[in-house]
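Listed here are the chains, written in short residue letters.
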Amino acid sequence: SVLMSTFDVDKNGELGFWEYVAMHKLIISLQQAFVASDVDRNGRLDHREIHSALGRAGFNLPMPVVQGLFARFDAAKQNVLTFEGFLGIGAHLAHLKSIFEHNDKARSGQVTLDYAALVQITMAVFPDS
């Protein structure tokens, strides 16, 4: 799963204790953000609520990006996501963030990639493609 690969820092196929703790912290953070952003308390988030929830979880993204993620993870095309779908977005973003931070050696918030690095990143993001 994306969550497992994101937090399996040593890439041994298993989560050690501290890797598990980090993953658990993300899941709790996402759950809290989901509940706090579910304004109508129906157990599902629309794209505006998703935008709020992602911000609460530390993923501050512009609305067009959130709408693209929403469309990708709204498999049932119901214009709402359950916690499972929101967790999928959170896991995806956490995975991307870990790849980005690995490539941001100067911790400047920006990376410069050559073509080979881009290919390597896309293989990590889309391993089954």
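Up top you'll find the structure we're talking about.
The paragraphs below set out a description of the structure included in this document.

**Focus: the nonpolar core**
The nonpolar side chains of a soluble globular protein tend to be buried, and buried together. The biggest cluster of nonpolar side chains holds 23 residues, and the ones touching the most others in it are Ile50, Leu54, Phe59 and Phe86. Of all elements in the fold, only helix H1 (2-7), helix H2 (17-37), helix H3 (47-56), helix H4 (63-73) and helix H5 (83-103) reach the threshold of two or more residues within this core. Broken down by element, this core gets its largest block of residues, six residues, from H5.

**What about the packing of H3 against H5?**
Taken N-terminus to C-terminus, the directions of H3 and H5 make an angle of 45°; their axes are 11 Å apart at the nearest point. By the criterion of interaxial angle, the relationship of H3 to H5 is oblique. The chirality of how H3 crosses H5 is right-handed. Of H5, the residues touching H3 (which contributes Ile50, Ala53 and Leu54) are Phe86, Ile89 and Leu93. Looking at the contact of H3 with H5 residue by residue, the class counts come to six nonpolar, no polar and no charged.

**Notes on helix H6 (residues 115-125)**
By the burial criterion, the buried members of H6 are Ala117, Ile121 and Val125. The arc that holds every buried residue of H6, seen down its axis, measures 75°, which confines them to one face. Facing away from the buried side of H6 by over 90 degrees, the exposed positions are Tyr115, Ala116, Gln120 and Met123. Buried residues belonging to H6 abut H5.

Conventions adopted
- Residues numbered from 1 in each chain as written.
- Predicted model: local features only at pLDDT ≥ 70, side-chain atom pairs only at ≥ 80, totals over all residues.
- Heavy atoms only, no water.
- Core = buried A, V, L, I, M, F, W, Y, C linked by side-chain atoms within 4.5 Å.
- Buried < 20%, exposed > 50% of the residue type's maximum accessible area, 1.4 Å probe, protein only.
- Helix = DSSP H or I, 4+ residues; strand = E, 2+ residues; numbered from the N terminus.
- Axes fitted to C-alpha atoms, helices over the stretch in contact; angles between N-to-C directions.
- Parallel < 35°, antiparallel > 145°, perpendicular 65-115°, else oblique.
- Left-handed = near helix turned anticlockwise from the far one by under 90°.
- Contact = heavy atoms within 4.5 Å.
- Nonpolar A, V, L, I, M, F, W, Y, C, P; charged D, E, K, R; others polar.
- Arc of directions from axis to C-beta.

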